[in-house]
Amino acid sequence: MWPKGIRCGVCLSFDFDAESLSLGYIERLRYEGSPKRYPKTLTPISRGQYGAKVGIPRILRFLEAHNIKATFFTPGFTADLYPDLIKRIASEGHELANHGYFHENPTDFMEDRRRERDVLRRGNDTLERYCGVRPVGYRSPGWDLNTYTPELLLEEGFIYDSSLMDQEHPYILEASNGKRLVEIPIDWLLDDYVHFQFSPPNIPGLSPPSKVLEIWQGEFDGYYEEGGCFVLTMHPQVIGRTHRMKMLERLVQYIKEKQGVWFATCREVAEYWLSK
Ligand SMILES: [Zn+2]
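Rules used throughout
Along each chain, numbering runs from 1 in the same order as the chain's sequence is written. Residue-level local features of this predicted model are given only where pLDDT is at least 70; pairs of side-chain atoms are given and counted only at 80 or more, and the full residue set underlies all totals for whole chains, interfaces and linings. Runs of E in the DSSP output that reach at least two residues are strands. Runs of H or I that reach at least four are helices, and both are numbered from the N terminus. Radius of gyration: over C-alpha atoms. The globule rule applied is 2.2 Å multiplied by the number of residues raised to the 0.38 power. Three classes are used. A residue is buried when 20 or more other C-beta atoms lie within 10 Å of its own, exposed when 12 or fewer do, and partly exposed in between, with C-beta atoms placed from the backbone. Whether two residues are in contact depends on their C-beta atoms, placed from the backbone: they are in contact if these lie within 7 Å. One bridge is not enough; two strands pair if DSSP finds at least two bridges between them. Note on geometry: axes are C-alpha line fits, over the in-contact stretch for helices, and angles between N-to-C directions span 0 to 180 degrees. Just so you know how the angles are binned, under 35 degrees is roughly parallel, over 145 roughly antiparallel, 65 to 115 roughly perpendicular, and the rest oblique. Crossings are classed by handedness, with left-handed meaning an anticlockwise turn of the near helix from the far one by less than a right angle and right-handed meaning a clockwise turn. Under the scheme applied, nonpolar residues are Ala, Val, Leu, Ile, Met, Phe, Trp, Tyr, Cys and Pro; charged residues are Asp, Glu, Lys and Arg; polar residues are all the others, including Gly. Buried Ala, Val, Leu, Ile, Met, Phe, Trp, Tyr and Cys residues form a nonpolar core when they are connected through C-beta atoms within 7 Å. Expected helix span is given by 1.5 Å per residue-to-residue step, counting one fewer step than there are residues. Take the seven residues that end at a residue and the seven that start at it, fit an axis to each, and the angle between those axes is the bend at that residue.

Glancing now at the overall build of the protein chain. In terms of regular secondary structure, the protein chain is built from 11 helices and nine strands. On C-alpha atoms alone, the protein chain measures out to a radius of gyration of 18 Å, which is about the 19 Å that the 2.2 N^0.38 rule sets for 276 residues. Over its C-alpha atoms, taken along the principal directions, the protein chain stretches across nearly 55 × 50 × 35 Å. In the protein chain, which comprises 276 residues, the proportion classed as buried is 43%. Long-range pairs, those at least 24 residues apart, make up 75% of the contacts in the protein chain between residues at least 6 apart in sequence.

This part takes up the environment of I89. Looking at the element boundaries, I89 is found in helix 4 (residues 83–91). I89 sits in the buried class, given 27 other C-beta atoms within 10 Å. For I89 and V261, which are 172 residues apart along the polypeptide, the C-alpha to C-alpha distance reads 23 Å. For I89, the residues in contact, after removing those within four places along its chain, are F72, H94 and L96.

All right, on to the pairing of strand 6 (residues 171–174) then. Bridge count between strand 6 and strand 7 (residues 180–183): four bridges; the pairing is antiparallel. Pairing of I172 across the sheet is with V182, part of strand 7.

Another aspect to go through is the packing of helix 8 (residues 209–226) against helix 10 (residues 242–256). The interhelical angle for the contact between helix 8 and helix 10, taken along N-to-C directions, is 25°, at an axis separation of 10 Å. What the angle tells us is that helix 8 and helix 10 run roughly parallel. At the point where helix 8 passes helix 10, the crossing takes the right-handed sense. Where helix 8 approaches helix 10, its residues P209, V212, L213, W216, Q217 and F220 are matched on the opposing element by H243, R244, M247, R250, L251, Y254 and I255. Each residue belonging to the contact of helix 8 with helix 10 can be placed in one class, and the counts come to nine nonpolar, two polar and two charged.

Turning our eyes to something else, we now look at unusual backbone geometry. The phi angle of most residues is negative, glycine excepted, and most peptide bonds adopt the trans form. Cis geometry marks the peptide bond from P200 to P201; its omega dihedral reads 5°. Within the secondary structure, P201 is located in the loop between helix 7 (192–196) and helix 8. The phi dihedral of A18 falls on the positive side, at around 45°, and the residue is not glycine. In this structure, A18 sits in the loop between strand 1 (8–15) and helix 1 (23–31). Judged by the 31 C-beta atoms lying within 10 Å of it, A18 falls in the buried class. You will see that N67, though not glycine, has its phi angle at about 55°, which is positive. One can find N67 in the loop between helix 2 (42–66) and strand 2 (71–74).

Let us now look at the nonpolar core. Within the largest apolar cluster, 55 residues are counted, with the highest numbers of intra-cluster contacts made by C11, I86, Y160 and I184. Those residues in contact with I184, other than ones at most four positions away along the chain, are C11, Y160, S162, P170, C229, V231, C266, V269 and A270. In this structure, F77, Y101, F102 and L120 belong to the second largest nonpolar core, which totals five residues.

It is worth spelling out helix 2 at this point. With 25 residues, helix 2 extends 35 Å from end C-alpha to end C-alpha; this agrees with the ideal 36 Å at 1.5 Å per step. Remark: the principal bend of helix 2, roughly 40°, maps to G55, with a proline, P57, within the next four residues. All of the buried residues along helix 2 are G48, G51, A52, G55, I56, I59 and L63. On its buried face, helix 2 is in contact with strand 1, helix 4 and helix 9 (236–239). Positive backbone phi, at 55°, marks N67, one or two positions downstream of helix 2.

Note that every value here comes from positions in space, so none of it alone points to a role or purpose.
Right under this line is the structure:
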């Protein structure tokens, strides 16, 4: 499945949500003309800000030290709040990919393709304005797609999606007109948020990193043995804590000791898959 000499792909991906989960939701209601209103309060907003202020600089230092290029799925709203960070991420060779504008779950649009298309375009226009490259990848902020979303992504010039959970390696979704979209599957097991982020009442989070290292390392071993594409989904406000970054360091060291591992951006994996 992989280029000569490669037996396993590894994609480190970061969903740079920042304040889009808190302030972004409030701003979205206003933008959409909704009568609902929520007060702006500081602590939930600051929780997202930690990702930008502390998480991203720490992650960029880590990636540079390991000479790894990563993919940052970033809502346009985050980019408008932190244009300098977006430019820095791009200038250091990482990929910026679409994650909506206000972190919209596409299934909220209830079959309204026009609104879903607007969100995709607004997200891409914003990222392109700051980094000079139009994104070609999408990860749904709701980790869910409408049945027509893959076709919409193709119409908007995307080459891959990373939101589905049915495989451990990339594959091709073929539209009725023969156009091909690469799917790069993810899984909740390989997401830092559910393990770590304290989000009552549904997500207790706060796992010790030793537990998560055991799960992620065990999963990587399986992907390596079977030639899969190991995709980690991380959030700067979550993984960015020191003790969790040390866990990531141990995991990356472990992976680097294996022969034939390709650390790649999602875009590189998608382009390779399309070229086969
Ligand atoms: Zn997100």
